[in-house]
Amino acid sequence: AGAEFDRAVERNVARARELYLIDRAKYVTPEEIDVSHILFDSSKKGKEAALAAAIDVRAKLSAGADIAVLAVAVSDDPSVARNKGRLGPAPRGRYDPAFEAAAFALRSPGDISEPVLTRFGYHIIRLEGRTPERQQAFDAVRAQIITDMRQKSVNDARESAIAAIRGDTRLQVNREAV
């Protein structure tokens, strides 16, 4: 079935293009944000102290302090030694809902959030960059579409062969051997 599929190259490319045009939304790269943050763990410091520390750090950032330096100095995020508070590009669905809502609400690089409470504590979030949603070109996704089509073709052929065997009235089961 796979070899048969592979022989019909032109037909497969044409069908792949049809599938792409029918469901272009499937081939959209979602909007991503690139953020840095500083975490104040309210379970370690207490909720009021964590909020006070977050407000203080936000004021320092607004005055021009370097978020990477502050993150290393005060953040309770265990990954801060490695990433200096920078979380990198991410689409929706990657972060805690409250964190995500605040991060995606920031509009321009350099914007700083108010303290945001999540299950981890209070965060101060800074938007580093935003990549808008974009449509992938057919040529960029053609190979994946054809791979998916091939897998479906092979699976359909297998299921058809199995159904033919099961539906054959001449088939007899040797119960002793089973």
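Since the structure is predicted, the reported quantities are computational estimates derived from the model, not experimental observations. (Residues numbered from 1 in each chain as written. Predicted model: local features only at pLDDT ≥ 70, side-chain atom pairs only at ≥ 80, totals over all residues. Heavy atoms only, no water.)

## As for the nonpolar core
Then comes step 1: One finds Ile-38, Phe-40, Val-57, Leu-61 and Ile-124 to be the most contacted residues of the largest nonpolar core, which totals 13 residues.
Then comes step 2: Mapped onto this core, the elements with two or more residues apiece are strand 2 (32–40), helix 4 (47–62), helix 5 (67–74) and strand 5 (121–131).
Then comes step 3: No other element matches helix 4, which puts 4 residues into this core.
Then comes step 4: The next biggest cluster of nonpolar side chains, apart from the first, holds 12 residues, and it includes Ala-90, Tyr-95, Phe-99 and Val-116. (Core = buried A, V, L, I, M, F, W, Y, C linked by side-chain atoms within 4.5 Å. Buried < 20%, exposed > 50% of the residue type's maximum accessible area, 1.4 Å probe, protein only. Helix = DSSP H or I, 4+ residues; strand = E, 2+ residues; numbered from the N terminus.)

## Some points on the sheet that holds strand 3 (residues 86–91)
Then comes step 1: Taken in spatial order, the 4 strands make up an open sheet running 3-2-5-4, and their pairing is antiparallel. The sheet is open, and its two borders are formed by strand 3 and strand 4 (116–118), each paired with just one other strand. Neighbour-to-neighbour, the strand axes of this sheet turn through a mean angle of 45°, independent of strand direction.
Then comes step 2: Its contacts with the sheet place helix 4 against strand 2, strand 4 and strand 5, and it is angled at close to 35° to strand 5. (Pairing = 2+ DSSP bridges. Axes fitted to C-alpha atoms, helices over the stretch in contact; angles between N-to-C directions. Contact = heavy atoms within 4.5 Å.)

## Structural notes on the pairing of strand 5
Then comes step 1: Judged by how many residues are buried, strand 5 sits mostly within the fold: 8 of 11 residues are covered.
Then comes step 2: Bridge count between strand 2 and strand 5: 9 bridges; the pairing is antiparallel. Directly across from Ile-33, in strand 5, lies its bridge partner Arg-130.

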